[in-house]
Amino acid sequence: MPTDTASLHDTVPDTARVAPVIVDTINDLDFDGGAAHLRRALPRAQRLATLARRACERRIPVISPNDDFGRWRSSFDDVVDYCRGEDVCGRRFVARLVPEPDDDVVIKPKHSAFFATPLHMLLEHPGLRRLVVGGVSRDVCILFVTHDT
């Protein structure tokens, strides 16, 4: 995290016209069919990582809404560490998509990244015209995020 005021302001995307929103990519994939889901998701992870890298090159923070699996007493770093564990199904997927220090992580309690989160405040800067939303669960979390915008 930046330590002086000038660098704090450098990370706020007030002039960006686009905001990349990468949803629920820190996931252990610990569910029935998780291994099959992983095989389909790995190519998508690479495309999402490319999107994040390009945003970083343009100094545009990626917004990363993510579930914390109902572990409200843990930190997001704890969730990342757990999902990168050696015995975790989704670790190869997660390794490609860990948010950068300047990215905006939004912990969400349910499917929508807007319900009970500060996401709407992150999107209220004057230059923003477009969201680029990506992830792997189009039928649930991405659907709710795009519906609620």
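First, a word on what this report is: a plain description of the structure on this page.

Criteria and thresholds
Throughout, residues of each chain are indexed from 1 in the direction in which the sequence is written. Per-residue local features of the predicted model are confined to residues with pLDDT of at least 70, and side-chain atom pairs are confined, for both listing and counting, to 80 or more; whole-chain, interface and lining totals are unaffected and use all residues. The side-chain numbers reported here are obtained from all heavy atoms of the structure, hydrogens and water having been left aside. Salt bridges are defined by distance alone: a side-chain nitrogen of Lys or Arg within 4 Å of a carboxyl oxygen of Asp or Glu. Helical segments are the DSSP runs of H or I of at least four residues, strand segments are the runs of E of at least two, and each set is numbered from the N terminus. Relative accessibility thresholds used throughout: buried, under 20% of the residue-type maximum; exposed, over 50%; partly exposed, between the two (1.4 Å probe, protein chains only). An arc is given here, and it is the one of the directions from the helix axis to the C-beta atoms. Throughout, a contact is declared for two residues whenever any of their heavy atoms are within 4.5 Å. Throughout, nonpolar core names a set of buried Ala, Val, Leu, Ile, Met, Phe, Trp, Tyr and Cys residues whose side chains join them through atoms within 4.5 Å.

1. Describing the pattern of salt bridges
Then step 1. Overall, the coordinates contain two salt bridges when judged by the stated rule.
Then step 2. In this structure, Lys108 and Asp24 form a salt bridge, with 3.0 Å as the shortest nitrogen-oxygen distance. With Lys108 in strand E3 (residues 104-108) and Asp24 in the loop between strand E1 (18-23) and helix H2 (34-57), this pair connects stretches of sequence that are 84 residues apart.
Then step 3. Since its relative accessible area comes to 10%, Asp24 is described here as buried.
Then step 4. Across the pair Arg53 and Glu57 runs a salt bridge whose closest N-O atoms are separated by 3.1 Å. With Arg53 and Glu57 both in helix H2 and four residues apart, the pair spans about one turn of that helix.
Then step 5. Relative accessible area serves as the criterion here: at 52%, Glu57 is assigned to the exposed category.

2. Section: helix H3 (residues 76-83)
Then step 1. Taken together, the buried positions of H3 are occupied by Phe76, Val79, Val80 and Cys83. Viewed end-on, H3 has its buried residues packed into an arc of 100°, placing them on one side of the element. Within H3, the exposed residues directed more than 90 degrees away from the buried face are Asp77 and Asp81.
Then step 2. At its buried positions, H3 is contacted by strand E2 (63-67), helix H4 (91-97) and E3.

3. Topic: the environment of Thr15
Then step 1. Within the secondary structure, Thr15 is located in the loop between helix H1 (5-10) and E1.
Then step 2. Here Thr15 falls in the exposed class, since its relative accessible area comes to 72%.
Then step 3. Remark: the alpha-carbon pair of Thr15 and Ile60, spanning 45 residues in sequence, is separated by 9.2 Å.

4. Some details on the nonpolar core
Then step 1. By size, the foremost hydrophobic cluster in this structure holds 15 residues, and its most contacted members are Leu38, Phe93 and Leu97.
Then step 2. Mapped by element, the contributors of at least two residues to this core are H2 and H4.
Then step 3. Among the elements that take part in this core, H2 stands out by supplying seven residues, more than any other.
Then step 4. Discounting residues that sit within four places of it in the chain, Phe93 has contacts with Thr25, Leu38, Ala41, Leu42, Ala45 and Val136.
Then step 5. If you look at the next biggest cluster of nonpolar residues, it comprises 13 residues, including Phe114, Leu123, Leu128 and Val145.

5. Some thoughts on unusual backbone geometry
Then step 1. Positive phi, close to 50°, is recorded for Asp24, a residue that is not glycine.
Then step 2. One non-glycine residue, Leu29, adopts positive backbone phi at about 55°.
Then step 3. Of note, Leu29 is situated in the loop between E1 and H2.

Any functional reading would require information beyond the geometric quantities listed.
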